[in-house]
Amino acid sequence: MASKPGFLTEWPWTWLGDFKYVVIAPWVIHSTYTYVTKDRSERDIGQFIIFPFLLSRILHNQLWISYSRYRTAKGTNRIVDKNIEFEQVDRERNWDDQIIFNGILFYIGYTYIKEAHNLPWWRTDGVIWTILLHAAVIHPFGEHIAYFALFAIPLLTTLLTKTASLLSFAGYITYIDFMNNMGHCNFEHIPKRLFSVFPPLKYLVYTPSYHSLHHTQFRTNYSLFMPFYDYVYGTMDKSSDTLYESSLVRKEEVPDLVHLTHLTTPESIYHLRVGFASLASEPHKSRWYLWLMWPVTVWSMMLTWIYGRTFVVERNVFKSLKLQTWAVPKYSIQYYMHWQKEWINNLIEDAILEADEKGVKVLSLGLLNQEELLNRNGDVFLRKHPQLKVKLVDGSSLAVAIVLNSIPKGTTQVVFRGNPNKVAYSIALALCQGGMQVFTLNEDDYKKIKAKLNTEAASNLILSKNSPSKIWLVGDGLTETDQQKASKGTMFIPFSQFPPKKTCKDCLYNTTPAMLAPKHIENLDSCENWLPRRVMSAWRVAGIVHAAEEWNVHECGNVMFNIEKIWKASLEHGFRPLTASAESNLNN
């Protein structure tokens, strides 16, 4: 029988969800109003800066989270290879609750402790007392109460002795945040020469590898921040020094497969695994509070326009294969700008050459990195570098296979609408050759597709102004007007990289070509763009299957791999089709 969480396990404002910061809103409003309306000589900046200081703590913690995720994805100096799954992300999405809790205590303390009023910016004696009284010691609410009580000893003492200052308070709490984040970052970065120059430092400052043993061995390395007491009481783990030295020299991980993607919308930077973990763990959708971050968003956009370099986003493990996802720091809109194309192709080419130099076996091109108008589905790079050892895969064959197997059995007619591309031509050819009637609503689409078909197959391609079928195969270029022509209950099956804009409430929309990942794919804790949890795009899955099967062939340009072969191989490796009902369950 499952037990109920104990008293003080959950934070009191958990039920507020994304609106939890309203609990400190009354204090923020009151302190701001008081500071603005009072005469300059009567203002007390101590209460006013509590909220900006809380925001700085959130930024400080988020920077550590993003940087540690980036470093552990690369593998350089990584300490523990433990995987992170969605369940852990869900448990840790309340990491900022302790900052809200501290803020409430700061505001209450200011209200009832007279010594907290009109603090000077600096007092040397207070800083010294804070250091001397410091007690070396993502948890439940009750545990944070105990933590705060311990860490508040230096703060309260300096208040009562009237030696406190604003900078001693801010510096002390920032130090605690810094040391706490450093101890949990999972990559070793403390230079060995520091301990050589000043040997006693090993008793005063812990390292990330030192504290990691507390979480893996549990009964050793108890001290938080300062290992001195572990040495005194004999609780130091004997492998501490060995783990420290081995982590320092650990090299960057060389993956077997790289999936090359790119940013989509301005907000997508926050949905990456190295962005906000809670957002990355959910399908990409707009959030109201991200509008408040528009200065950061605009700054990041300008940075990618001026300078950018492909970076590691995620690492996964599939059986014995090491997988990585790299991102080109360009947004979707930039891929359609003519003056950006050469720049983007150079970034993609640099990523391919880097992967080739490292010994990567397969590199799959995701989203617009394989756009026909950009680089002819990757063929430009093969022609420029014919001696490439890394195999380029655009995943078209699996995308075609998924679309074909998404069409309900017994269907004799389908409507085809969308900008024709490599995937679209192959789908139309397979259906027409199989005897299925393919209706197109657009004359340009009809002419382009018919030009790719032989005489026998072309007889099943029909130009029509009406939509006789409730099965629509759609791609980029599908308009709202097109969708209004669909009858009630129509199923839209995309063959494009990006999902169509849903305008018909009485119709069913499948996801873009994708498959449900098997359970043995490890360290999968973020969603791929708009796809549900543990669902991967066809183009990403194709790269994995190519690497697992060791096919050692390119699939890009005009080359289309055997559709039936890659479909069977993906099923044999545990990938499963994503049906409309399955997608609905994953999103709920």
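Here the structure is a predicted model, which means the values were calculated and not measured. (Residues numbered from 1 in each chain as written. Predicted model: local features only at pLDDT ≥ 70, side-chain atom pairs only at ≥ 80, totals over all residues. Heavy atoms only, no water.)

## As for the packing of aromatic side chains
Within the structure shown, the criterion is met by 21 aromatic pairs. With centroids separated by 6.1 Å and ring planes inclined at 15 degrees, the aromatic side chains of Phe151 and Phe225 adopt a geometry described as stacked. Of the two residues, Phe151 sits in helix 7 (residues 141-160) while Phe225 sits in the loop between helix 11 (208-217) and helix 12 (228-233), which places them 74 residues apart along the sequence. Take Phe225: its relative accessible area is 1%, and that puts it in the buried class. With centroids separated by 5.1 Å and ring planes inclined at 20 degrees, the aromatic side chains of Phe416 and Phe495 adopt a geometry described as stacked. One end of the pair, Phe416, is in strand 6 (residues 413-417); the other, Phe495, is in the loop between strand 10 (491-494) and strand 11 (508-509), with 79 residues separating them in the sequence. Residue Phe416 is classed as buried on the basis of its relative accessible area of 0%. Put simply, the rings of Phe151, Tyr175, Tyr206 and Phe225 pair up and form one aromatic cluster. Over the ring of Tyr35 we find Arg43; its NZ or CZ atom is 5.1 Å from the centre of that ring. (Phe/Tyr/Trp six-rings, centres within 6.5 Å; stacked < 30°, edge-to-face > 60°. Helix = DSSP H or I, 4+ residues; strand = E, 2+ residues; numbered from the N terminus. Buried < 20%, exposed > 50% of the residue type's maximum accessible area, 1.4 Å probe, protein only. Lys NZ or Arg CZ within 6 Å of the ring centre and 35° of its normal.)

## Notes on the environment of Pro468
With respect to the helices and strands, the residue Pro468 is situated in the loop between strand 8 (461-463) and strand 9 (471-474). Residue Pro468 is classed as partly exposed on the basis of its relative accessible area, which comes to 46%. Taking the C-alpha atoms as reference points, Pro468 and Val415, separated by 53 residues in sequence, lie 7.6 Å from one another. Setting aside residues no more than four positions away along its own chain, Pro468 makes contact with Gln413, Val415 and Phe439. (Contact = heavy atoms within 4.5 Å.)

## Overview of the UniProt feature "transmembrane region" (unreviewed entry) in the protein
The positions that UniProt labels "transmembrane region" (unreviewed entry) are, in the present scheme, residues 19-36, 145-173 and 288-308. Annotation note: span residues 19-36, helix share 67%, strand share 0%, distance between end C-alpha atoms 26 Å. Regarding residues 145-173, the helix share stands at 83% and the strand share at 0%, and the terminal C-alpha atoms are separated by 15 Å. (UniProt positions renumbered as here; feature names shortened; annotations may be inferred.)

## Considering the sheet that holds strand 12 (residues 514-516)
Spatially, the 3 strands line up as an open sheet ordered 14-12-15, and their pairing is antiparallel. Every other strand in the sheet has two partners, leaving strand 14 (535-537) and strand 15 (576-577) as the edge strands with one partner each. (Pairing = 2+ DSSP bridges.)

## Some words on a nonpolar patch on the surface
A cluster of nonpolar side chains, Val197, Phe198, Tyr203, Leu204, Phe228, Tyr229, Val232 and Tyr233, forms an exposed patch at the surface whose accessible area comes to about 830 Å². When residues of the nonpolar patch are traced back to their parent elements, those giving at least two are helix 10 (201-204) and helix 12. Take the nonpolar patch: its biggest share by element is 4 residues, from helix 12. Relative accessible area serves as the criterion here: at 33%, Tyr203 is assigned to the partly exposed category. (Patch = residues over 30% accessible without salt bridge, like charges linked within 9 Å, V, L, I, M, F, W, Y side chains within 5 Å. Areas by Shrake-Rupley, 256 points an atom, 1.4 Å probe, with all protein chains shown as cover. Salt bridge = Lys/Arg side-chain N within 4 Å of Asp/Glu carboxyl O.)

## Brief notes about the nonpolar core
Leu398, Phe416, Ile427, Leu473 and Phe575 are the most contacted members of the largest nonpolar core, which totals 55 residues. Setting aside residues up to four positions removed in sequence, Phe575 forms contacts with Phe318, Met515, Leu516, Ala517, Pro518, Ile521, Met536, Val541, Ile544, Val545 and Ser570. In this structure, Val28, Leu159, Tyr172 and Ile190 belong to the second largest nonpolar core, which totals 40 residues. (Core = buried A, V, L, I, M, F, W, Y, C linked by side-chain atoms within 4.5 Å.)

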